[in-house]
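Listed here are the chains, written in short residue letters.
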Amino acid sequence: MAPKLQRRPAGMRLAHQFWLSLVVPIAMAIALYGLFSSAHRKQVLRQEATAELRNYATLLQAFVESALQRRDIALVRRRAEHFASAERIQGVAAFTREGEAVFITEGVKGEQGRLEALARRAFLEGGDIEEPTNLVGQPVLVRTVAIHPSSANPPLVAILVRDRHYIEVLESSLNRGLAATGVVLLLVSAVVAGAVVRFTVALPARAILSGAERVASGDLDAAVPEKGAEELSRLAHAFNTMTWSLREARQRAEREEMARVNVERRLQQAQALAAAGQVATSLGHEIGSPLNVIQGRARRAADLPGCPENLRAELETIARQSERITRVVSRLVSLARPSRQQQGDSDLRRVVDDVVAFLGPECKKRDIETSVECPRDSGSWARVALDSDRLFQVVFNLCLNAIEAQDGGGELVVRVLPEHDGPAGSRAVCFEVEDAGPGVRAEDLGQIFEPFFTTKSTRGGSGLGLAIVHGIVQEAGGSVEVGSSSTGGARFRVTLPTVAPDSPSSRDASSAASSSVDMQARQGEEASSTGGEGASLAAGPEATRESRREARREARTGGTEEGQKG
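Everything quoted here is computed from the prediction, not taken from an experiment.

Trainee: Just to check I follow, could you spell out the overall build of the chain for this structure?
Mentor: Helix and strand counts for the chain come out as 11 helices and 12 strands. When contacts within the chain are restricted to residue pairs at least 6 apart in sequence, those whose partners lie at least 24 apart make up 70%. Element-wise, carbon and sulfur atoms account for 56% of the exposed surface of the chain, whose accessible area totals about 30200 Å².

Printed below as a string of structure tokens:
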């Protein structure tokens, strides 16, 4: 049992960390820019105000000196009022060394004492004074300027008072604008960074994490899109390669496990066949002669003149069951015996005709119509690389299965198909055996050719017929396929390699097969009439010849009872 995965404590996601790593420096940069920009702007505004005040002070000095040289105090006051009316000038005043006010404008009369003290400082320091202060309830910038009209007039100190509040208002307004601009820029940067992080980091990383969790749960079909940043794209590619390798390894392990199971199953079958073959061989030697004696005596007794019909029927039953025991034991011996390569070939059409002729009486008894479909020129291409005995065994077993599958009548169709390309470019010929029975169930298709598998066990099926067919055809380099016919029954399609019809081996095998068939037929008739006392059970090719004799006997008596698989 796989250990249960424990979730780690939740922490900040990777995408959030990347987003913060982008947004925080941007926010800090905007804030620092705002601070430095505000300080620099404040300094520039103050410098501009100071320069402007100095210019006004120079003009005031020139105007006052000129008016005093004319000894026109009224002109001095008018010019002072004129300066006081200038933009951002709060007022103008002038004092003598003794502190007497020569002139002072209305805007700063309330601060005369402080202005007088500032003038005394200027006289004492002997230079101009410029400083920010608060006058008339607001911040101002004051500057003193020394006036020396002439030796006849005493020196004066003029004071200009300039408004400084507008600088703070302007700074506040500019700072609010800068702050708004910084916030908008920060929001835009955050949105852009969030989108970039989402599509280049968050989504690819989340896909890889999801795929890793699926793999951890056992789903090796997980695949992640190879998108995002280069490192994540390469990581996704490596992840997909890893899952593909794991899938291949699992499939390879499953195939190896399946192969191991198949080998074990075949080994068990081989052991069962070996045991069955040993038992069958022993039984064949031990009970072969008694069975043939029973069979021959029963048939001889049934053929005696004056034998009652009911007794003749019982004797025929005894003979048929003896033949069935002989046939089953022969098949066991043939299946368990190691395969031997048989040299030779045979005419497929002739063997098909022989089998259908052998089974004709049985088909008539069961109300089964038989038909053979074969092109007229089959003699030129329907020679297969399989000796006639084994080919007869293949066709006979397939036809017998088709007959046994149709208890209430039906049809048996044997169809020989034209020559076509076989495996690896070789030439091959096919024949099909069709019936109108219930067909083969889908769940039985994988086991139908296994030894001892049968769905007719209650009706005497041994499960050996199709196993023998499959073994013979595979040994000859052919194949057997099973499907459904147009009537819903079973269709067995056998493909066998062909030989050239004019080759020497083909002509020799043809004549040998013809004489073999005639001899086997005569032997079968003699055995059926004499009872065959002292004969032993056949195995291998001898079993096929015995099957031909049994087929003729069963065709006369209708005594086969082996069921069809599927």
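Picking up after the structure, the text goes on.
Trainee: Is there a simple way to think about unusual backbone geometry in this case?
Mentor: It is generally the case that most residues other than glycine have a negative phi and that most peptide bonds are trans. Look at Asp367: it is not a glycine, yet its phi comes out positive at around 60°. With respect to the helices and strands, Asp367 occurs in the loop between α7 (348-365) and β7 (368-373).

Trainee: Which parts of the structure should I look at to understand a nonpolar patch on the surface?
Mentor: Nonpolar side chains collect at one region of the surface, where Val184, Val188, Val192 and Val196 lie side by side and expose about 320 Å² of accessible area between them. Mapping Val184 onto the fold places it in helix α4 (residues 165-216).

Trainee: It is not clear to me how the packing of α7 against helix α8 (residues 388-404) should be interpreted in this structure. Could you clarify?
Mentor: The packing of two helices is summarised by the inter-axis angle and the distance between the axes. At a closest axis distance of 9 Å, the pairing of α7 and α8 adopts a crossing angle of 35°. Remark: the crossing between α7 and α8 carries right-handed chirality. Taken together, the residues of α8 that come into contact with α7 (itself represented by Leu348, Val351, Val352, Asp354, Val355, Phe358, Leu359, Glu362 and Cys363) are Leu391, Phe392, Val395, Phe396, Cys399, Leu400 and Ile403. When its residues are assigned to classes, the contact of α7 with α8 shows 14 nonpolar, no polar and 2 charged.

Trainee: Explain the packing of α8 against helix α9 (residues 465-475) to me, please; I cannot follow it from the model alone.
Mentor: Axis separation between α8 and α9 bottoms out at 9 Å; the angle between their running directions is 145°. Helix-helix and strand crossings are classified by hand; for α8 and α9 the assignment is left-handed. Note on element contacts: α9 touches α8 through Gly465, Leu466, Ile468, Val469, Ile472, Val473 and Glu475, opposite Arg390, Gln393, Val394, Asn397, Leu398 and Asn401. Along the lines of polarity and charge, the residues of the contact of α8 with α9 split into 7 nonpolar, 4 polar and 2 charged.

Trainee: When you look at the pattern of salt bridges in this model, what are you seeing that I'm missing?
Mentor: Should their charged atoms come close, side chains of opposite charge can pair. Within this structure, the stated rule accounts for 24 salt bridges. Note that Glu52 and Arg162 form a salt bridge whose closest N and O atoms lie 2.2 Å from each other. Separated by 110 residues along the polypeptide, Glu52 in helix α1 (residues 14-69) and Arg162 in strand β5 (residues 156-163) bring together distant segments of the chain. For Arg162, a relative accessible area of 0% corresponds to the buried category.

Trainee: Looking at this structure, I do not really get the confidence of the model for the chain. What am I missing?
Mentor: When pLDDT is low, close inspection of the predicted coordinates is not appropriate. Per-residue confidence for the chain gives a mean pLDDT of 76; residues scoring 70 or more make up 76%. Segment residues 508-544 is flagged for pLDDT under 50; beyond a separation of four residues in sequence, or across chains, it makes 59 contacts in the model. Scored below 50 in pLDDT, residues 550-566 makes 80 contacts in the model with residues more than four places away or belonging to other chains.

Trainee: Help me understand the packing of aromatic side chains, please; the structure alone is not making it clear to me.
Mentor: Aromatic ring pairs are reported here in terms of the distance separating the ring centres and the angle at which the planes meet. Taken as a whole and assessed by the stated rule, the structure comprises 2 aromatic pairs. Ring centres of Phe392 and Phe396 lie 5.9 Å apart, and the angle between their planes is 10°; on these two criteria the pair is classed as stacked. Of the two residues, Phe392 and Phe396 are both situated in helix α8; the distance of 4 residues between them amounts to about one turn of the helix. Each member of the aromatic cluster is reached from another via a ring pair, and the members are Phe358, Phe392 and Phe396.

Trainee: I tried to follow the side chain of Asp163 on my own but got confused; where do I start?
Mentor: Structurally, Asp163 is set in strand β5. The buried charged residue Asp163 lacks any salt bridge, with Arg88 as its nearest oppositely charged partner at 6.1 Å. Excluding residues within four positions of it along the chain, Asp163 makes contact with Arg88, Gln90, Gln138, Pro139 and Val140.

Trainee: When you look at the sheet that holds strand β1 (residues 89-96) in this model, what are you seeing that I'm missing?
Mentor: Working definition: the strands of a sheet are paired by backbone hydrogen bonds and lie parallel or antiparallel to each other. Spatial strand order, β2-β1-β5-β4-β3: 5 strands in an open sheet with antiparallel pairing. The open sheet is flanked by β2 (101-104) and β3 (130-135), the only strands paired with a single partner. The sheet shows a mean angle of 25° between the axes of neighbouring strands, taken without regard to direction. Inspection of the sheet shows strand β4 (residues 138-147) paired to β5 by 8 bridges, in the antiparallel sense.

Trainee: It is not clear to me how the environment of Arg299 should be interpreted in this structure. Could you clarify?
Mentor: The residue Arg299 is located in helix α5 (residues 230-303) in this model. Sequence separation of Arg299 and Glu316 is 17 residues, and the distance between their C-alpha atoms is 6.6 Å.

Rules used in this analysis
- Residues numbered from 1 in each chain as written.
- Predicted model: local features only at pLDDT ≥ 70, side-chain atom pairs only at ≥ 80, totals over all residues.
- Heavy atoms only, no water.
- Helix = DSSP H or I, 4+ residues; strand = E, 2+ residues; numbered from the N terminus.
- Contact = heavy atoms within 4.5 Å.
- Areas by Shrake-Rupley, 256 points an atom, 1.4 Å probe, with all protein chains shown as cover.
- Patch = residues over 30% accessible without salt bridge, like charges linked within 9 Å, V, L, I, M, F, W, Y side chains within 5 Å.
- Salt bridge = Lys/Arg side-chain N within 4 Å of Asp/Glu carboxyl O.
- Axes fitted to C-alpha atoms, helices over the stretch in contact; angles between N-to-C directions.
- Left-handed = near helix turned anticlockwise from the far one by under 90°.
- Nonpolar A, V, L, I, M, F, W, Y, C, P; charged D, E, K, R; others polar.
- Buried < 20%, exposed > 50% of the residue type's maximum accessible area, 1.4 Å probe, protein only.
- pLDDT = per-residue confidence, 0-100.
- Phe/Tyr/Trp six-rings, centres within 6.5 Å; stacked < 30°, edge-to-face > 60°.
- Lys, Arg positive; Asp, Glu negative; His and termini not counted.
- Pairing = 2+ DSSP bridges.

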